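If you want the building blocks of each chain, they are given just below.
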Amino acid sequence: MERKVIKIKHITGTYTIDVQDGKLNDMKSQLDKCLNDEQGAIVVKGENGDQFVYPSDLLKNSFIAIVDRED
């Protein structure tokens, strides 16, 4: 299965969200909801239990690309 990441390029920096296997459609749906003001943010849990919050305002003012993961 292809491994994907979402790269978010914003004026404050470049952020990368690792997409878990089988969750690409869910992440696309969450991105669409954020961009359409239907959801306030995307929250991603890291491997160490950390939470990363990507607010919709950040996403709206960014260049977003879904690319293959570079292992």
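Residues numbered from 1 in each chain as written. Predicted model: local features only at pLDDT ≥ 70, side-chain atom pairs only at ≥ 80, totals over all residues. Heavy atoms only, no water.

Draft legend 1. The packing of aromatic side chains, seen in detail. Inspection of every chain in the model, using the stated rule, returns 1 aromatic pair. Between tyrosine 15 and tyrosine 54, the ring centres sit 6.4 Å apart and the planes meet at 70°, which makes this aromatic pair edge-to-face. Taken as a pair, tyrosine 15 in strand 2 (residues 13–18) and tyrosine 54 in strand 4 (residues 51–55) lie far apart in primary sequence, 39 residues in all. Relative accessible area serves as the criterion here: at 27%, tyrosine 15 is assigned to the partly exposed category. By relative accessible area, tyrosine 54 is classed as buried at 10%. (Phe/Tyr/Trp six-rings, centres within 6.5 Å; stacked < 30°, edge-to-face > 60°. Helix = DSSP H or I, 4+ residues; strand = E, 2+ residues; numbered from the N terminus. Buried < 20%, exposed > 50% of the residue type's maximum accessible area, 1.4 Å probe, protein only.)

Draft legend 2. The arrangement of unusual backbone geometry in detail. Phi is positive for aspartate 37, close to 60°, though the residue is something other than glycine. Residue placement: aspartate 37 occurs in the loop between helix 1 (24–35) and strand 3 (41–45). Aspartate 37 sits in the exposed class, given a relative accessible area of 58%.

Treat this as a map of the structure, not an account of what it does.
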